[in-house]
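Take a look at the letters that make up each chain.
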Amino acid sequence: MNLNLTTKKIDTDCEIVLVKNKKIKENKELLKSLNFKGSEEECVLLPEMKKLYVGCENLDHDSIRIAIATAVKKINTTNFKSAYIKVKDNLSSYVDGFELGNYSFTKYKSEQEDKVEKNIYIEVSKIDKEIQKEFEGSVAICNSVNMVRDFVNTTPEDFYPAIMAQNAINIAKENDLECKILDEDYLVENNMGSMLAVGRASCHRSKLIHLTYKPKGKVKAKKKMVLVGKGLTYDSGGLSLKPADYMVNMKSDKGGGCAVLGIMNTISALNLPIEVHGIVGAVENMIGGDAYKPDDVLTARNGKTIEVKNTDAEGRLVLADCLCYAQDEIEDIDYIFDYATLTGACVVGVGQYTNGIMGNNSMLKHEVVKSAINSGELATTLPFNRYLKKTLKSEIADMSNIASTRYGGAITAGMFLDNFITDENKDKWVHLDIAGPAFVDAAWGYNPAGASGAGVRLTIEFMKNL
Ligand code: BES
Ligand code: ZN
Ligand code: ZN
């Protein structure tokens with residue numbers, strides 16, 4: 001699908017007409033006879049008239065995205081070569097609807113449909129620098145979101161730590177980023193026993209990925225931001241093996257790491273005046289003769305000891321060392337965000353469509369929630385407290401990797417990570433549990449079944465506002 005901006009009406013195979021607030025303004029009788037009401041995700045195609053009417057129940061940005069995605073899906077059932085729509089404002093929401101709504105993951109289908117390449121013409125009142133920038137920026141963000149969807153949907157057989165590292169190298173080349181790939185020798189030399197243990201039983205060696213973006217030319221970086229992602233290319237649970245039903249879809253446990261790669265892929269296209277570090281712990285959690293065990297005590301890079309009580313709480317072990325690495329290697333950090341499909345408890349607590357936002361800085365957490373909502377992602381804060389913190393105590397080590405209570409699992413996981421944030425960075429850190437929206441079985445709104453690319457749009461929105 002090609003999106004084109006224009007300032008005049010173009011004669012195409014069909015014109016998309018959004019019916020806002022259920023107010024049908026043309027062809028009233030005909031649409032009524034077809035029982036078209038203008039509800040969300042409702043559309044009717046009148047081919048002779050070359051019109052596609054789509055319901056857009058409300059006027060908010062997400063209603064527009066959903067309506068456009070509904071139109072795209074309808075057009076994709078035809079052999080139309082072109083479509084046209086007139087847009088007065090909120091151009092970026094229309095672009096999101098087209099680009100994100102058009103996504104499908106067909107890599108593993110033996111019969112590839114030969115899709116007719118469609119040209120979409122978006123009429124705007126004028127095309128100046130600002131409009132062009134908004135348009136190209138939105139397309140770049142959507143392309144990255146779709147790239148993340150592809151990564152996350154790819155099977156663990158085809159996407160393991162070395163492949164994740166290779167994708168990072170490719171992203172670095174395309175975007176002129178610095179790229180460091182550190183292997184297990186580095187993890188051993190730097191006492192990263194927590195991350196190392198998780199990947200030990202896998203036939204794939206763990207990789208620590210570090211991408212860096214610095215503004216080009218004379219532009220001075222206004223802020224320094226660090227993004228850390230959980231990149232579990234597969235989470236079988238390890239010796240605390242997941243039950244069969246719970247293991248399905250655990251290819252999505254790399255969602256946080258992939259989101260970080262997606263964000264790094266977008267920043268240089270947007271020319272943002274900030275320095276950004278993207279760090280990913282790419283690891284596979286498997287079983288085997290040398291698997292790490294419940295009862296082991298691990299030592300993380302900062303010297304803290306962790307009693308393993310459950311090998312399925314592995315993401316926090318990988319992140320612990322990655323967070324230490326980030327804070328050792330990068331000075332004067334302004335923001336440090338981590339992204340992880342960390343807990344089933346977060347999904348239970350807030351539902352599968354919403355990100356859980358945690359940390360020590362209320363203002364910052366709310367900023368992140370605001371950025372999420374403005375970007376079209378859902379997010380809510382989850383509060384730490386001193387009582388839950390105590391449930392992470394261990395009799396024999398500095399802490400346990402799971403809490404002694406079965407309640408508040410998303411929060412206790414977040415509080416575990418807090419042990420690996422230095423005093424200097426306590427207020428600069430935000431933990432995003434993206435376990436729900438990163439991968440949802442059934443399609444929702446303009447998101448497909450499977451990976452959604454959670455975390456990318458909300459972070460870019462946050463960065464734009466710095
Ligand atoms: N990757 C899972 C969390 C998860 C669950 C992500 C469902 C997406 C959907 C994580 O590593 C895990 O297994 N967490 C355990 C923690 C428990 C052992 C304390 C969980 O949530 O059950
Ligand atoms: Zn797990
Ligand atoms: Zn996991």
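Within each chain, residues carry numbers counting from 1 in the order of the written sequence. Here chains are named by letter from A upward and ligands by number from 1 upward, in the order in which they appear as written. Two thresholds apply to this predicted model, a pLDDT of at least 70 for residue-level local features and 80 or more for giving and counting side-chain atom pairs, whereas whole-chain, interface and lining totals are computed over all residues. Computation of side-chain values covers all heavy atoms of the structure but excludes hydrogens and water.

Asker: Account for the environment of Cys43, with residues named and values stated.
Answerer: Helix numbering and strand numbering both begin at the N terminus, where a helix is a DSSP run of H or I of at least 4 residues and a strand a DSSP run of E of at least 2. Within the secondary structure layout, Cys43 lies in strand β3 (residues 43–46). Note: C-alpha distance between Cys43 and Tyr53 (10 residues apart in sequence) is 5.5 Å. The contact criterion used throughout is that any non-hydrogen atoms of two residues lie within 4.5 Å. The residues touching Cys43, leaving out its near neighbours within four places in the chain, are Phe36, Leu52, Tyr53, Val54, Thr70 and Lys74.

Asker: Now, about a negative patch on the surface: what can you tell me, with residues and values included?
Answerer: Surface patches are defined over residues having more than 30% relative accessible area and no salt bridge, joining like charges when they lie within 9 Å and nonpolar side chains (Val, Leu, Ile, Met, Phe, Trp, Tyr) when within 5 Å. Each accessible area is a Shrake-Rupley estimate made with a 1.4 Å probe; only the visible protein chains count as cover when residues are assessed. Here a salt bridge means any side-chain nitrogen of Lys or Arg lying within 4 Å of a carboxyl oxygen belonging to Asp or Glu. His is not counted, nor are the chain ends; Lys and Arg add positive charge and Asp and Glu add negative charge. Charge placement uses NZ in Lys and CZ in Arg. For Asp and Glu, CG and CD serve respectively. Together, Glu40, Glu41, Glu57 and Asp60 make up a region of like negative charge exposed at the surface. Tracing the backbone shows Glu41 in the loop between α1 (28–33) and β3.

Asker: Outline the sheet that holds strand β8 (residues 207–213), listing residues and values.
Answerer: Here the rule is simple: two strands pair whenever DSSP picks up at least two bridges between them. As summarised here, the arrangement of the eight strands in space is β7-β8-β10-β9-β13-β17-β14-β15, forming an open sheet in which the pairing is mixed. Each edge of the sheet is formed by a strand with only one pairing partner; in this case those strands are β7 (178–182) and β15 (378–381). Looking at each pair of strands side by side, their axes are set apart by 20 degrees on average, direction ignored. Here, axes are lines fitted to C-alpha atoms. For helices the fit covers the stretch in contact, and angles between N-to-C directions go from 0 to 180 degrees. Strand contacts of helix α12 (residues 362–375): β13 (335–340), β14 (354–359), β15 and β17 (429–433), with the helix running at about 165 degrees to β15, the strand carrying the most contacts.

Asker: Go over the coordination of the zinc ion (ligand 2) with me, naming the residues and quoting the values.
Answerer: For Na, K and Ca the donor cut-off is 3.2 Å, and for all other metals it is 2.8 Å, counting N, O and S atoms only; because water is absent from this set, sites may look incomplete. Within the protein, the zinc ion (ligand 2) binds to Asp235 (OD), Asp312 (O), Asp312 (OD) and Glu314 (OE); these donor distances fall in the range 2.0 to 2.2 Å. In these descriptions, tetrahedral denotes four donors with every angle between 85 and 135 degrees, square planar four donors and octahedral six donors with opposite donors over 155 degrees apart and the rest between 65 and 115, and irregular any other case. Around the zinc ion (ligand 2), the six donor atoms are arranged such that angles at the metal cover 71 to 167 degrees; this shape is classified as irregular. For the zinc ion (ligand 2), the single-chain donor residues occur in sequence as D-x76-D-x1-E. Between the zinc ion (ligand 2) and the zinc ion (ligand 3), both coordinated by Asp235, there is a metal-metal distance of 3.2 Å. To sort residues, take the accessible area from a 1.4 Å probe on protein chains only and compare it with the maximum for the residue type: under 20% means buried, over 50% means exposed, and anything in between is partly exposed. The partly exposed category is assigned to Asp312, whose relative accessible area is 22%. Judged by its relative accessible area of 0%, Glu314 falls in the buried class.

Asker: Report on the side chain of Ser371, specifying residues and quantitative values.
Answerer: Structurally, Ser371 can be placed in helix α12. When residues no more than four places from it in sequence are discounted, the contact partners of Ser371 are Leu458, Glu461, Phe462 and Asn465.

Asker: Pulling in residues and values, what's your account of the site of ligand 1?
Answerer: In these notes, residues near a molecule or strand are those with any non-hydrogen atom within 4 Å of it. If you check the shell around ligand 1, you find 15 residues, and the closest are Lys242, Asp253, Asp312, Glu314 and Gly344. Between N or O atoms, a polar contact is any pair within 3.5 Å; within protein, one atom must be a potential hydrogen donor and the other a potential acceptor, and residues adjacent in sequence are included only when both atoms are from side chains. Here Glu314 contributes a side-chain N or O atom positioned 2.8 Å from an oxygen atom of ligand 1. The protein chains hide 74% of the 510 Å² of surface that ligand 1 would expose on its own. Residues are sorted three ways: Asp, Glu, Lys and Arg are charged, Ala, Val, Leu, Ile, Met, Phe, Trp, Tyr, Cys and Pro are nonpolar, and all the rest, Gly among them, are polar. Here the residues of the shell around ligand 1 are counted per class, giving four nonpolar, four polar and seven charged.

Asker: Please give an account of unusual backbone geometry that cites residues and values.
Answerer: In this structure, Asn35 takes a positive phi of about 65 degrees despite not being glycine. Note that Asn35 resides in the loop between α1 and β3. Owing to a relative accessible area of 48%, Asn35 belongs among the partly exposed residues under this scheme. Residues other than glycine seldom take positive phi values, yet Glu41 does so here, at roughly 65 degrees.

Asker: Now, about the coordination of the zinc ion (ligand 3): what can you tell me, with residues and values included?
Answerer: Looking at the metal site, the zinc ion (ligand 3) is ligated by Lys230 (NZ), Asp235 (OD), Asp253 (OD) and Glu314 (OE), spaced 1.9 to 2.5 Å from it. Coordination at the zinc ion (ligand 3) is octahedral: its six donor atoms span angles of 76 to 173 degrees at the metal. Donor residues for the zinc ion (ligand 3) sit on one chain with the sequence pattern K-x4-D-x17-D-x60-E. Owing to a relative accessible area of 2%, Asp253 belongs among the buried residues under this scheme.

The values reported here are purely geometric and, on their own, carry no functional implication.
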